[in-house]
Amino acid sequence: MSESPPTTPVCYRHPGRETYVRCTRCNRPICPDCMREASVGHQCPECISEGRRSVRPARTAFGGGAAGRHGYVTKALIAVNVLFMLLSIASDRGGDAAAGGTGFAGLLGGNTPLTDWGAVLGLAIFPDGSVGGIADGEWYRLITAMFLHYGLLHLLLNMWALWVLGRSLEANLGPLRFLGLYLIAGLGGNVAAYLFSAQNSATAGASTAVFGLFAAIFVIMRRLGRDTSAILPVIVVNLVFTFAVSGISKAGHVGGLITGALMGLVLAYAPRGRRTLFQVAGGAIILLALVGLVMIRSAQLLAG
């Protein structure tokens, strides 16, 4: 009886191609077009894809995505603030915003139709006789106010602080957690301005969120065991500046600072086993408390 000649193995994905190379993971023969470099030998495309699915993505110490090191959210927030600045200038067609001087685009700042529309305002009667404000249902002002600014200097100072603080916090927290921190801190500052400012006084600016970032980075650095000796003096100086200079929303800055500290504690000290659940729940509790305070203040203004 004659023995049958041995068959040459062929690629499992390309049966017409002979090969003596096998995938180091599944041991199936693969041709040069199907070979993928691996730590040891070569693997087939299917094993490479399966391996990628089984590898857990890198996370930060606080459960966030490692993509935060690129600072995409920080850059996007700065872009949104700049865009609102340009829209605010464009809205002041009949004023002096674009001309500079004491207008919105000038270093001393000024209001425009857009800032009048989006700034924190409790309850006021406008020149045309209409009534508006947060108490009248314009809750959107609590969000839009943190993206509007009174002048270039106001914008540049806040964006510089956001650039410095944001990249570090985003890298440590991850994009989503950093964005949540920024928005809740800014909201907290605007709620404080609504609670403790005159009902017809308008305030705006990203400084409510920025003060929250100052507090949060102090908490985060302490949690990581890093030196915070340079952060505390900066916070103190900014608080002194807040109370020494007229025309600054003191309640907004302090409110943002307190809210940012609370949110920073939630993010930094969440139990490892249920970190995300604890962080989401903590943020939700802070958010609900802020909503409750807004409702109480609105009821007071409408009753008065």
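Some words on the overall build of the protein chain
The helix and strand inventory of the protein chain stands at 10 helices and 4 strands. Its helices and strands in sequence order give the protein chain the pattern β-β-α-α-α-β-β-α-α-α-α-α-α-α, from N to C terminus. For the protein chain, with 304 residues in total, the buried portion stands at 44%. About 16300 Å² of surface is accessible on the protein chain, with carbon and sulfur atoms providing 64% of the total.

Some thoughts on helix H5 (residues 152-173)
Counted at 1.5 Å a residue, the expected span for H5 with its 22 residues is 32 Å, and the 30 Å between its end C-alpha atoms agrees. Along H5, the sharpest kink reaches roughly 30°, centred on Gly 166. Within the span of H5, buried status applies to Leu 155, Asn 158, Met 159, Ala 161, Leu 162, Leu 165, Gly 166, Leu 169, Glu 170, Asn 172 and Leu 173. Where H5 is buried, its residues touch helix H2 (72-91), helix H6 (175-196), helix H7 (207-223) and helix H9 (250-268).

As for the layout of surface pockets
Taken as a whole, the largest pocket encloses approximately 850 Å³ of empty space. Together, 32 residues line the largest pocket, and His 154, Leu 157, Phe 241, Ile 248 and His 253 are the ones closest to its centre. When residues of the lining of the largest pocket are traced back to their parent elements, those giving at least two are H5, H6, H7, helix H8 (231-244) and H9. At 6 residues, the largest contribution of residues to the lining of the largest pocket is made by H5. Partitioning the lining of the largest pocket into residue classes produces 17 nonpolar, 15 polar and no charged.

Observations concerning the environment of Ile 48
With respect to the secondary-structure elements, Ile 48 resides in helix H1 (residues 45-54). Note on Ile 48: relative accessible area 17%, which makes it buried. Separated by 11 residues in sequence, Ile 48 and Glu 37 have C-alpha atoms that sit 9.2 Å apart. If near-sequence neighbours (up to four positions away) are discounted, Ile 48 is found in contact with Arg 36, Glu 37 and Gln 43.

Examining the side chain of His 149
Locating His 149 in the fold gives a position in the loop between helix H4 (141-144) and H5. With a relative accessible area of 1%, His 149 lands in the buried category. A polar contact of 3.2 Å, which involves the side chain of His 149, links it to the side chain of Asn 158. At 3.2 Å, the side chain of His 149 forms a polar contact with the backbone nitrogen of Ala 206.

Side note on the environment of Thr 228
Here Thr 228 lies in the loop between H7 and H8. Take Thr 228: its relative accessible area is 9%, and that puts it in the buried class. Sequence separation between Thr 228 and Phe 218 is 10 residues; the distance between their C-alpha atoms is 6.4 Å. Every residue in contact with Thr 228, bar those within four places of it in the chain, is listed here: Phe 218, Met 221 and Arg 222.

Quick notes on the packing of H8 against H9
Two quantities define a packed helix pair, namely the angle between the helix axes and the distance between the axes. Between H8 and H9, the least distance of the axes is 9 Å, while the angle of their chain directions is 155°. Relative to H9, the element H8 is oriented roughly antiparallel. When the axes of H8 and H9 are compared, the crossing they make is left-handed. Across the interface between the two elements, Ile 235, Leu 239, Thr 242 and Phe 243 from H8 touch Lys 250, His 253, Val 254 and Leu 257 from H9. Here the residues of the contact of H8 with H9 sort into 5 nonpolar, 2 polar and 1 charged.

Considering the packing of aromatic side chains
Across all of its chains, the model carries 4 aromatic pairs by this definition. Between the aromatic rings of Phe 147 and Tyr 182, the centroid separation amounts to 6.5 Å while the plane-to-plane angle is 40°, which identifies the pairing as tilted. A residue pair is termed long-range when its members are at least 10 positions apart, and Phe 147 in the loop between H4 and H5 and Tyr 182 in helix H6 qualify at 35 residues. Both residues of the pair, Phe 147 and Tyr 182, belong to the buried class. Ring centres of Phe 211 and Phe 214 lie 6.2 Å apart, and the angle between their planes is 75°; on these two criteria the pair is classed as edge-to-face. Note that Phe 211 and Phe 214 are positioned in helix H7 at a spacing of 3 residues, about one turn of the helix.

Some remarks on the nonpolar core
By size, the foremost hydrophobic cluster in this structure holds 55 residues, and its most contacted members are Leu 162, Leu 169, Leu 181, Tyr 182 and Leu 213. A total of 11 residues in this core trace back to one element, the largest contributor, which is H7. The residues touching Leu 169, leaving out its near neighbours within four places in the chain, are Gly 174, Phe 178, Leu 181, Leu 213, Ala 216, Ile 217 and Ile 220. The next biggest cluster of nonpolar side chains, apart from the first, holds 7 residues, and it includes Cys 11, Cys 34, Cys 44 and Cys 47.

Definitions and limits used
For every chain, the first residue of its written sequence is number 1, and the numbers climb from 1 along that sequence. For a predicted model such as this one, the threshold for reporting local features is a pLDDT of at least 70, and the threshold for listing and counting side-chain atom pairs is 80 or more; totals across whole chains, interfaces and linings nevertheless cover every residue. To obtain the side-chain values, all non-hydrogen atoms of the structure were used and water was disregarded. Segments assigned H or I by DSSP are reported as helices when at least four residues long, segments assigned E as strands when at least two residues long, and all are numbered from the N terminus. Categorising residues by exposure relies on relative accessible area from a 1.4 Å probe, with only protein chains included: less than 20% of the type maximum marks a residue as buried, more than 50% marks it as exposed, and the intermediate range marks it as partly exposed. All accessible areas in this document rest on Shrake-Rupley with a 1.4 Å probe, and a residue is counted as covered only by the protein chains that are shown. A helix is expected to span 1.5 Å multiplied by its residue count minus one. Two axes are fitted around each residue, one to the seven residues ending there and one to the seven starting there, and the angle between them is reported as the bend at that residue. By definition in these notes, contact holds between two residues if any of their heavy atoms fall within 4.5 Å. Definitions used for this entry: grid spacing 1 Å over protein atoms alone; cavity, a set of points where a 1.4 Å probe fits but cannot get out; pocket, an open set with protein on both sides within 12 Å along at least 5 of 7 lines; lining residue, one with an atom within 4 Å of a point. Grid points are joined across faces, edges and corners, and a volume is the space filled by probe spheres set on the points. Charged residues are taken to be Asp, Glu, Lys and Arg, nonpolar residues to be Ala, Val, Leu, Ile, Met, Phe, Trp, Tyr, Cys and Pro, and polar residues to be all remaining types, Gly included. In protein, a polar contact requires one atom able to donate a hydrogen and another able to accept it; more generally it is a pair of N or O atoms within 3.5 Å, and residues adjacent in sequence count only if both atoms are side-chain atoms. Axis geometry follows a simple rule: fit a line to the C-alpha atoms, using only the stretch in contact for helices, then measure angles between N-to-C directions, giving values from 0 to 180 degrees. Should an angle fall under 35 degrees it is taken as roughly parallel, and over 145 as roughly antiparallel, whereas 65 to 115 is taken as roughly perpendicular and any remaining angle as oblique. Crossing handedness is read from the near helix: turned anticlockwise from the far helix by less than a right angle, it gives a left-handed crossing, and turned clockwise, a right-handed one. Each Phe, Tyr or Trp ring (for Trp, its six-membered ring) is paired with any other whose centre lies within 6.5 Å, and the angle between the two planes then decides the class: stacked below 30 degrees, edge-to-face above 60, tilted in between. Buried Ala, Val, Leu, Ile, Met, Phe, Trp, Tyr and Cys residues that are joined via side-chain atoms within 4.5 Å together make up what is termed a nonpolar core.

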